[in-house]
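Chain and residue survey
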Amino acid sequence: MDFKMKILAIDTSSEICGVALLEDEKLIDDNSLNNGKTHSENLMPLVEEILKRNNINLKDIDLIACNVGPGSFTGIRIGVALVKALAEVTKIKVAEVTSLEALSKNIDVSETKVSLIDCRNNQVYCGIFDNDNNLKEEYLTDEIGVVTEKVAKYKNITVCGNGAILHENILKEKIADIKFSESNSQIAVNTGRIGYKKFIENNLKTADTILPIYLRKSRSRKNEKKINKLT
């Protein structure tokens with residue numbers, strides 16, 4: 001019997017507090033919430049619940065896939081802090097997944113997959129990927145007009161994410177060869193699927209080496225002392 005990897009995926013980079021359980025790339029269960037509570041209240045109970053209802057212990061998990069951003073500064077820190085704690089205790093390997101990589105899995109087939117996440121002030125985080133979800137060039141963080149010019153040099157483009165929804169008009173105006181994904185949410189199962197890809201590529205992390213990715217500095221430090229309760 002072929003070995004099937006059990007993956008615990010955690011995504012706290014958006015308003016959704018997402019936890020998913022996968023076997024290789026196949027979704028076993030999803031336990032995600034967007035109920036107005038903070039991720040610090042939701043995350044650990046969601047992890048405990050999904051393991052319990054699937055009769056799985058942490059020791060049965062082969063890989064933790066963690067969304068490290070960019071996105072919600074506070075949410076990312078909470079998710080990474082928990083994954084660090086779990087990986088430290090269990091020695092489970094970690095796949096570090098960016099929110100832009102995970103979003104690109106919303107697009108089934110396209111020569112060029114573009115993930116766009118709104119970061120306010122008319123700016124977006126941008127990741128440009130090939131059909132196999134490999135990064136074509138370095139991540140961008142810039143004004144939407146500048147990003148659009150960069151994206152426009154590619155062919156057969158499909159865009160996704162809240163940045164694509166927000167800036168649909170300018171994207172259509174500046175890029176003729178463009179399609180828009182119907183799926184634009186940041187979901188934990190995609191974090192798990194990219195995590196499995198990282199495992200296949202032997203691109204893994206440990207509790208000591210996993211780090212958040214912000215791409216730009218947070219304007220607010222007022223919540224900085226509220227982070228590490230889960231560790």
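Above this text is the structure in question.
Read on for an overview of the structure. (Residues numbered from 1 in each chain as written. Predicted model: local features only at pLDDT ≥ 70, side-chain atom pairs only at ≥ 80, totals over all residues. Heavy atoms only, no water.)

1. Some details on the overall build of the chain
Helices and strands together make up the secondary structure of the chain, namely 7 helices and 10 strands. Here the C-alpha radius of gyration of the chain, 17 Å, is about what a compact globule of 231 residues would show, namely 17 Å. With respect to the principal axes defined by its C-alpha atoms, the chain has extents near 50 × 50 × 30 Å. Relative to its full complement of 231 residues, the chain shows a buried share of 49%. Sequence separation of 24 or more characterises 63% of the internal contacts of the chain that already satisfy a separation of 6 or more. Accessible surface, the chain as shown: approximately 11,700 Å² in total, 47% of it carbon and sulfur. (Helix = DSSP H or I, 4+ residues; strand = E, 2+ residues; numbered from the N terminus. Rg over C-alpha atoms; globule rule 2.2 N^0.38 Å. Buried < 20%, exposed > 50% of the residue type's maximum accessible area, 1.4 Å probe, protein only. Contact = heavy atoms within 4.5 Å. Areas by Shrake-Rupley, 256 points an atom, 1.4 Å probe, with all protein chains shown as cover.)

2. Observations regarding the sheet that holds strand β8 (residues 140–143)
Think of a sheet as strands paired side by side through backbone hydrogen bonds, with each pair either parallel or antiparallel. Taken together, the 5 strands give an open sheet; going across it, the order is β8-β7-β6-β9-β10, and neighbouring strands pair in mixed fashion. Two strands close off the open sheet at either side, each with one partner strand: β8 and β10 (178–180). Ignoring strand direction, the axes of neighbouring strands in this sheet form an average angle of 30 degrees. Taken together, the 6 bridges between strand β6 (residues 112–118) and strand β7 (residues 123–129) define a ladder with antiparallel strand orientation. In the sheet register, Ile117 faces β7, and the bridge partner there is Tyr125. Lying on the sheet, helix α4 (residues 144–151) is in contact with β6, β7, β8 and β9 (157–160); it crosses β8 at an angle near 125 degrees. (Pairing = 2+ DSSP bridges. Axes fitted to C-alpha atoms, helices over the stretch in contact; angles between N-to-C directions.)

3. Considerations on the environment of Val89
Residue placement: Val89 occurs in helix α2 (residues 73–90). Taking the C-alpha atoms as reference, Val89 lies 9.0 Å from Ala207; in sequence the two are 118 residues apart.

4. Observations regarding helix α1 (residues 39–53)
Each turn of an α-helix holds 3.6 residues, which means side chains three or four residues apart point in the same direction. Here α1 spans 21 Å end to end across 15 residues, near enough to the 21 Å set by a 1.5 Å rise per residue. Listing the buried residues of α1 in full gives His39, Asn42, Leu43, Leu46, Val47, Ile50 and Leu51. The arc that holds the buried residues of α1, viewed along the axis, is 145 degrees, so those residues lie on one side. Against β1 (6–11), β2 (18–23), β3 (26–30) and α2 lie the buried residues of α1. Once α1 finishes, Asn55 follows within two positions and takes phi at roughly 55 degrees, a positive value. (Expected span 1.5 Å × (residues − 1). Arc of directions from axis to C-beta.)

5. Section: the sheet that holds β3
On the basis of which strands lie adjacent, the open sheet formed by 5 strands has the order β3-β2-β1-β4-β5 and mixed pairing. The open sheet has two edge strands, β3 and β5 (93–97), and neither has a second partner. For this sheet the average axis-to-axis angle between neighbouring strands, irrespective of direction, equals 25 degrees. Direction of pairing for strand β4 (residues 63–67) relative to β5: parallel, over a ladder of 5 bridges. Bridging from a neighbouring strand, Ala65 pairs with Ala95 of β5. Of the strands in this sheet, β1, β2 and β3 are in contact with α1, which crosses β2 at around 30 degrees. With respect to the sheet, α2 is in contact with β1, β4 and β5, its orientation differing from that of β4 by roughly 165 degrees.

6. Re the nonpolar core
Most often, soluble globular proteins have nonpolar side chains that are buried together. By size, the foremost hydrophobic cluster in this structure holds 26 residues, and its most contacted members are Leu43, Val47 and Ile61. Elements with a contribution of two residues or more to this core: β1, β2, α1, β4 and α2. In terms of residues, this core owes the most to one element, α2, which gives 7 residues. Not counting residues within four places of it along the chain, the set of residues in contact with Val47 comprises Leu8, Ile10, Val19 and Leu82. Membership of the second largest hydrophobic core comes to 16 residues, among which are Val151, Ala164, Leu171 and Ile178. (Core = buried A, V, L, I, M, F, W, Y, C linked by side-chain atoms within 4.5 Å.)

7. Section: the state of the cysteines
What we call a disulfide is simply a covalent bond connecting the sulfur atoms of a pair of cysteines. With the rule as written, the count across this model stands at 0 disulfides. As a non-bridged cysteine, Cys126 has Cys160 as the owner of its nearest cysteine sulfur, 10 Å distant. Judged by its relative accessible area of 1%, Cys126 is buried. The class of Cys160 is buried, set by a relative accessible area of 0%. (Disulfide = S-S within 2.5 Å.)

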